[in-house]
Each structure stands twice: as structure tokens, then as C-alpha cells.
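This is what each chain is made of:
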Amino acid sequence: MDEQLHSPARLLIELRMEHAELNGRIDMLTATAPVDELSLRRLKKRRLALRDQIAALQLADEPDEPA
């Protein structure tokens, strides 16, 4: 059971959920009239880092192609 809590598949799901949440927060922030540029940049930077983590996990999960 403990292995399932820390599995790469679970981590990938959690990262995707956090990425989607950040998308929503960024959309809400940009919809407001005076946009807080600093907060927006921080959220976008975190979203980009999450996307990189997701891509790395997906790449590690894919089997190597035969030569």
C-alpha cells in the first residue's frame, strides 16, 4: 500500500492536478483588471517547472526503443 502512495504514476497524477490548478489560478488572475504581474510571473514559473517534471516522468516511464 505504501508503495502505491509514492509510485511514479501517482506522482504524475498529482503533478498534473497541480498544473491544472495553476492554469485556473493564472486564468483568474489575468481576468482581474489590475493584473499583479509579479504573482503572475511566479505562477507561470511554477507551472513551467511542473510541466518539466511531468515531461521527465513521462520520459522515464517510456520503454527504450530497440536499436
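See above for the structure.
This structure is a prediction, so every number in the text was calculated from the model and none was measured.

A. Expanded view of helix α2 (residues 8-31). For α2, with 24 residues, the first-to-last C-alpha span of 35 Å sits near the 34 Å given by 1.5 Å per residue. Within the sequence span of α2, burial applies to L12, L15, H19, L22, I26 and L29. Structurally, α2 contributes buried residues whose contacts are with α3 (37-61).

B. Looking closely at the environment of A60. Note on placement: A60 falls in helix α3. Residues A60 and P8, spaced 52 residues apart in sequence, show a C-alpha to C-alpha distance of 9.4 Å.

C. Geometry of the nonpolar core. Counting residues in hydrophobic clusters, the biggest one holds nine residues: L12, L15, L22, I26, L29, L40, L43, L50 and I54. The element best represented in this core is α2, accounting for five residues.

D. Up close: the pattern of salt bridges. Counted according to the given criterion, the structure contains two salt bridges. When the shortest N-O distance is used, the salt bridge between R10 and E14 registers 3.1 Å. With R10 and E14 both in helix α2 and four residues apart, the pair spans about one turn of that helix. Residue R10 is classed as partly exposed on the basis of its relative accessible area, which comes to 39%.

Rules used throughout
Residues numbered from 1 in each chain as written. Predicted model: local features only at pLDDT ≥ 70, side-chain atom pairs only at ≥ 80, totals over all residues. Heavy atoms only, no water. Helix = DSSP H or I, 4+ residues; strand = E, 2+ residues; numbered from the N terminus. Expected span 1.5 Å × (residues − 1). Buried < 20%, exposed > 50% of the residue type's maximum accessible area, 1.4 Å probe, protein only. Contact = heavy atoms within 4.5 Å. Core = buried A, V, L, I, M, F, W, Y, C linked by side-chain atoms within 4.5 Å. Salt bridge = Lys/Arg side-chain N within 4 Å of Asp/Glu carboxyl O.

Take it as geometry only, folks, not as evidence of what the structure does.
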